[in-house]
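Chain by chain, the residues run as shown.
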Amino acid sequence: MNEEEIISLLRQRNQEGAKELLSSYGSLVRYVVSPILTDEQDREECVSEIILRVWERIDCYNEEKGSFKGWITAVSRNAALNFTRRNKFSDSVEKFEEHMPSNEPTPEETVIMNERRESLLAALKQLSSMDTELFYRKYYYLQSTEQIASELSMTVRAVEGRLYRIKKRLRKRLGGEENE
């Protein structure tokens, strides 16, 4: 079944769409989740949550903004990070929840975050495709240096060196300290 058919089934709330989604994209979801969640049981629980989240939010997917695969990848990454945060702090936070300030950013913080995001995206566009891929694998998908090296047929040392130079160039382009 192709991507358009799966999206159509999901939008029609047909359960076959969820089955096809898991069949066609389950390995991608597991690939994205595995560096973030090390426990196999947590991984499988998170994959189930992701499939449900895609099912519930399929109407948020916009073909004009990006590919379906990219959208699922972003949903998977964010769900895995949220899963980690939720499980890590669930016990201790419950006691203090009513006394804690809101986690919502202020309007000023939102503007600053958006400006930083735009600056970073502009700086990333100036990198080569290989450097962009290395950056996303390490800092967005949280893959280990060893995994990146293995999958790209590079040495660990070569990946580390290249990531160091990428960060140095980004700091310079973004106006940060070059000697950090």
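As shown above, the structure is provided for reference.
Residues numbered from 1 in each chain as written. Predicted model: local features only at pLDDT ≥ 70, side-chain atom pairs only at ≥ 80, totals over all residues. Heavy atoms only, no water.

1. Overview of the overall build of the protein chain
Stated formally: Here a helix means four or more residues in a row that DSSP labels H or I, a strand means two or more in a row labelled E, and each is numbered from the N terminus. Buried residues are those whose accessible area, probed at 1.4 Å on protein chains only, stays under 20% of the maximum for their type, while exposed residues exceed 50% and partly exposed ones sit between those limits. Note on areas: these come from Shrake-Rupley sampling with a 1.4 Å probe, and a residue is covered only by the protein chains present in the view.
Check the secondary structure of the protein chain and you find eight helices and zero strands. For the protein chain, the sequential pattern of α-helices and β-strands runs α-α-α-α-α-α-α-α. Looking at the protein chain residue by residue over its 180 residues, the buried ones come to 30%. For the protein chain, the accessible area works out to roughly 12100 Å², and carbon and sulfur atoms hold 49% of it.

2. Topic: the packing of aromatic side chains
Given two aromatic rings, one states the distance between the centres and the angle between the planes to describe the pair. The condition is simple: Centres within 6.5 Å make a pair out of two Phe, Tyr or Trp rings, where for Trp the six-membered ring is used; the pair is then stacked when the planes are under 30 degrees apart, edge-to-face when over 60, and tilted otherwise.
Taken as a whole, this structure holds eight aromatic pairs when the rule is applied. For the ring pair Tyr61 and Trp71, a centre distance of 5.5 Å and an interplane angle of 45° mean the geometry is tilted. Note that Tyr61 is positioned in the loop between helix 3 (40-57) and helix 4 (68-96) and Trp71 in helix 4, a separation of ten residues in sequence. Grouping residues by exposure puts Tyr61 and Trp71 together as buried. Geometrically, the ring pair formed by Tyr136 and Tyr140 is edge-to-face, given 5.8 Å between the ring centres and 75° between the ring planes. Separated by four residues within a single helix, Tyr136 and Tyr140 lie in helix 6 (residues 129-140), roughly one turn from each other. Since its relative accessible area comes to 28%, Tyr136 is described here as partly exposed. Through a chain of ring-to-ring contacts, the aromatic side chains of Phe135, Tyr136, Tyr139, Tyr140 and Tyr141 assemble into a single cluster.

3. Observations concerning the packing of helix 5 (residues 107-125) against helix 6
Test applied: Here, axes are lines fitted to C-alpha atoms. For helices the fit covers the stretch in contact, and angles between N-to-C directions go from 0 to 180 degrees. Each angle gets one of four labels, with under 35 degrees taken as roughly parallel, over 145 as roughly antiparallel, 65 to 115 as roughly perpendicular, and the rest as oblique. By definition, residues are in contact when any of their heavy atoms lie within 4.5 Å. Note that Gly is not counted as nonpolar here; it falls among the polar residues with everything else outside the nonpolar set of Ala, Val, Leu, Ile, Met, Phe, Trp, Tyr, Cys and Pro and the charged set of Asp, Glu, Lys and Arg.
Helix 6 packs onto helix 5 with a crossing angle of 140° between their chain directions and a minimal axis gap of 9 Å. When the axis of helix 5 is compared with that of helix 6, the two are oblique. In this structure, helix 5 uses Leu120, Leu121 and Leu124 to contact helix 6, whose residues at the interface are Thr132, Phe135 and Tyr136. Grouping the constituent residues of the contact of helix 5 with helix 6 by class yields five nonpolar, one polar and no charged.

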